[in-house]
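Coordinate analysis (summary)
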Amino acid sequence: MGLKVVIIGAGSVGATIAYALMIRGSAREIVLVDNNAEKLHGEVLDLNHGRPFVKPVELKEGTYAECADADIVVITAGAKQKPDETRIELLNRNLAILQSIIQEILKHT
């Protein structure tokens, strides 16, 4: 397939989605975006080590600007629950994160 997929959030879920896209050959280009540059770099390096064993795919680190010509944008970013934090408090934090991500995407589309 000729899809460009941008995954926002390079944690466990985002990296697993990238891996699944790679092994299924579902995308021609996969771009990971994360505010933790070190984590992002490490995940992209790890995933790139598997590229010789899958259909051709470009896998790279990126920014929200990559969303401009993406066919699919997947948002997996979010906060983890803190000790003694209620689910409603976590929901409110994640809502703020999602709203900021959407604003960044809209700036580039």
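Rules behind the numbers
- Residues numbered from 1 in each chain as written.
- Predicted model: local features only at pLDDT ≥ 70, side-chain atom pairs only at ≥ 80, totals over all residues.
- Heavy atoms only, no water.
- Pairing = 2+ DSSP bridges.
- Helix = DSSP H or I, 4+ residues; strand = E, 2+ residues; numbered from the N terminus.
- Axes fitted to C-alpha atoms, helices over the stretch in contact; angles between N-to-C directions.
- Contact = heavy atoms within 4.5 Å.

1. Here's the deal with the sheet that holds strand β3 (residues 58–61)
Sheets are built from strands paired through backbone hydrogen bonds, the pairs being either parallel or antiparallel. Read across the open sheet, the 4 strands follow the order β3-β2-β1-β4; overall the sheet is parallel. Looking along the sheet, the strands with just one partner apiece sit at the ends: β3 and β4 (72–75). Each strand axis lies, on average, 15° off the axis of its neighbour in the sheet, ignoring direction. In the sheet, strand β1 (residues 4–8) pairs with β4 via 4 bridges, with the strands oriented parallel. Bridge pairing in β4 links Val 6 to Val 73. Lying over the sheet, helix α2 (residues 37–49) contacts β2 (29–33) and β3, oriented at roughly 165° with respect to β3. Helix α3 (residues 87–107) rests against β1 and β4 of the sheet, and its axis sits at about 160° to β4.

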